[in-house]
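# Topology and contacts: notes
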Amino acid sequence: REQPRFVLPGAEQDEGGFVARMPGKVIELRVKVGDTVADGDTVLVLEAMKMEHPMRASEDGVVVEVRVEEGEQVEAGTLLLVVETASDEIAADKTG
């Protein structure tokens, strides 16, 4: 199996972390800490290269951390927010 030459920004982040894949501006933040999200829900919208890039939850969970505000400029690899999912809780129970 061929290994990538470069690690993608955010690839080392824990599951549930939303990471900016490119520099951009947070133009819409649709969640706050404590909100429940469902698979497919848009949690924020990032504007980059004059296009809007919605970021959607990949599974059900609860927002546990928001690290950005609307209007904030972010760099590629910036952790934007964290969603704790049921699978995160199961993994924590097994290790703790």
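Reading guide: rules and limits
Residues numbered from 1 in each chain as written. Predicted model: local features only at pLDDT ≥ 70, side-chain atom pairs only at ≥ 80, totals over all residues. Heavy atoms only, no water. Salt bridge = Lys/Arg side-chain N within 4 Å of Asp/Glu carboxyl O. Buried < 20%, exposed > 50% of the residue type's maximum accessible area, 1.4 Å probe, protein only. Pairing = 2+ DSSP bridges. Helix = DSSP H or I, 4+ residues; strand = E, 2+ residues; numbered from the N terminus. pLDDT = per-residue confidence, 0-100. Contact = heavy atoms within 4.5 Å. Core = buried A, V, L, I, M, F, W, Y, C linked by side-chain atoms within 4.5 Å. Polar contact = N/O pair within 3.5 Å; in protein donor to acceptor, adjacent residues only side chain to side chain.

## Things to note about the pattern of salt bridges
Under the criterion given, the structure shown has three salt bridges. Taking the shortest distance from any N to any O, the salt bridge between K32 and D35 comes out at 3.2 Å. Judged by relative accessible area, which is 55%, K32 ranks as exposed. Between R67 and E65 there is a salt bridge, with the nearest N and O atoms lying 2.6 Å from each other.

## As for the sheet that holds strand β3 (residues 36–37)
Overall, antiparallel pairing links the four strands, which are arranged β1-β8-β6-β3 in an open sheet. Single-partner strands in this sheet number two, and they are β1 (17–19) and β3. In this sheet, strand β8 (residues 79–85) lies alongside strand β6 (residues 61–66) in antiparallel orientation, the contact comprising five bridges. Bridging across to β8, E65 finds its partner in V82.

## Description of the confidence of the model for the chain
Mean pLDDT for the chain: 84, with 75% of residues reaching 70 or above. Per-element confidence in the chain ranges from a low mean pLDDT of 60 for helix α1 (residues 86–95) to a high of 98 for strand β2 (residues 24–29). Across residues 6–14, confidence stays below pLDDT 50; counting only partners more than four residues off in sequence or on other chains, it has eight contacts.

## Points about the nonpolar core
Grouped together as the largest cluster of nonpolar side chains are 16 residues, with contacts concentrated most on F18, V37, V43, L44, V74, L80 and L81. Mapped onto this core, the elements with two or more residues apiece are β4 (42–48) and β8.

## Observations regarding the environment of R30
With respect to the element layout, R30 can be found in the loop between β2 and β3. Take R30: its relative accessible area is 45%, and that puts it in the partly exposed class. Each C-alpha atom, one on R30 and one on T42, is 7.2 Å from the other, the two residues being 12 residues apart in sequence. Looking at R30, its side chain comes within polar contact range of the side chain of E28, at 2.8 Å.

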